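Below are the chains, spelled out letter by letter.
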Amino acid sequence: MKTIAKKGQQLNRFRIFEATVFNYLLVNPQLFDTCVNKHAGYALLLRLWIEEKYTNGNTAIEVAEMIQQSKLCIESIKSGNPLSTSVQ
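Residues numbered from 1 in each chain as written. Predicted model: local features only at pLDDT ≥ 70, side-chain atom pairs only at ≥ 80, totals over all residues. Heavy atoms only, no water.

### Digging into the side chain of asparagine 58
And then number 1: Relative to the helices and strands, asparagine 58 resides in the loop between helix H3 (41-55) and helix H4 (60-69).
And then number 2: The exposure class assigned to asparagine 58 is buried, which follows from its relative accessible area of 19%. (Helix = DSSP H or I, 4+ residues; strand = E, 2+ residues; numbered from the N terminus. Buried < 20%, exposed > 50% of the residue type's maximum accessible area, 1.4 Å probe, protein only.)

The structure is reproduced here in structure tokens:
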């Protein structure tokens with residue numbers, strides 16, 4: 001029973017961390033969650049990557065800066081489109 005409660009707390013802490021990252025990116029965290037559930041693809045990979053960074057002790061601002069510097073088109077989430085990469 002304690003293990004279930006501990007895993008729930010860890011998931012809740014990660015969700016707060018993830019929401020903080022997207023707030024720094026000026027993206028509504030619920031829109032990202034919808035993107036993951038509806039489109040998966042890069043959004044699901046991004047969620048797993050953010051979780052890895054959280055586990056490794058990176059801060060939310062560090063993660064947000066890495067995402068900003070990447071080729072991901074984060075703005076597509078705001079319009080309900082799948083997350084994609086830009087070709088340069």
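### Here's the deal with helix H2 (residues 29-39)
Since the α-helix turns once every 3.6 residues, residues separated by three or four places project in the same direction.
And then number 1: Pro29, Phe32, Cys35 and Val36 are the residues of H2 that are buried. Across the axial projection of H2, the buried residues extend over an arc of 115°, all falling on one side. Turned more than 90 degrees off the buried face of H2, the exposed positions are Gln30, Asn37 and Lys38.
And then number 2: Among the residues trailing H2, alanine 40 stands out with phi positive, at a value near 55°. (Arc of directions from axis to C-beta.)

### A short note on the side chain of glutamate 18
And then number 1: For glutamate 18, the location among the structural elements is in helix H1 (residues 2-24).
And then number 2: For glutamate 18, a relative accessible area of 5% corresponds to the buried category.
And then number 3: Leaving out residues up to four positions away in the same chain, glutamate 18 has contacts with Phe32, Arg47 and Ile50. (Contact = heavy atoms within 4.5 Å.)

### Describing the packing of H2 against H3
And then number 1: Put simply, H2 and H3 touch, their axes get as near as 7 Å, and they point 125° apart. Compared by their axis directions, H2 and H3 come out oblique. In this structure, H2 crosses over H3, and the sense of that crossing is left-handed. Between H2 and H3, the residues in contact are Phe32, Asp33, Cys35, Val36 and His39 and Gly41, Ala43, Leu44, Leu46 and Arg47, respectively.
And then number 2: Residues belonging to the contact of H2 with H3 are distributed by class as follows: six nonpolar, two polar and two charged. (Axes fitted to C-alpha atoms, helices over the stretch in contact; angles between N-to-C directions. Parallel < 35°, antiparallel > 145°, perpendicular 65-115°, else oblique. Left-handed = near helix turned anticlockwise from the far one by under 90°. Nonpolar A, V, L, I, M, F, W, Y, C, P; charged D, E, K, R; others polar.)

### Here's the deal with H4
And then number 1: Listing the buried residues of H4 in full gives Ala60, Val63, Ala64 and Ile67. In an axial view of H4, the angular spread of the buried residues amounts to 100°, which keeps them on one side of the axis.

### Things to note about the pattern of salt bridges
And then number 1: Within this structure, the stated rule accounts for five salt bridges.
And then number 2: For aspartate 33, the salt bridge identified is with arginine 47, shortest N-O distance 2.9 Å. Within this pair, whereas aspartate 33 is found in helix H2, its partner arginine 47 is found in helix H3, the two being separated by 14 residues in sequence.
And then number 3: In this structure, glutamate 75 and lysine 78 form a salt bridge, with 3.3 Å as the shortest nitrogen-oxygen distance. Linking glutamate 75 with lysine 78, this pair stays in helix H5 (residues 75-78), spanning three residues, or about one helical turn.
And then number 4: Given the relative accessible area of 37%, lysine 78 is considered partly exposed.
And then number 5: Several salt bridges converge on common partners, so that one network encompasses Arg15, Glu18, Asp33 and Arg47. (Salt bridge = Lys/Arg side-chain N within 4 Å of Asp/Glu carboxyl O.)

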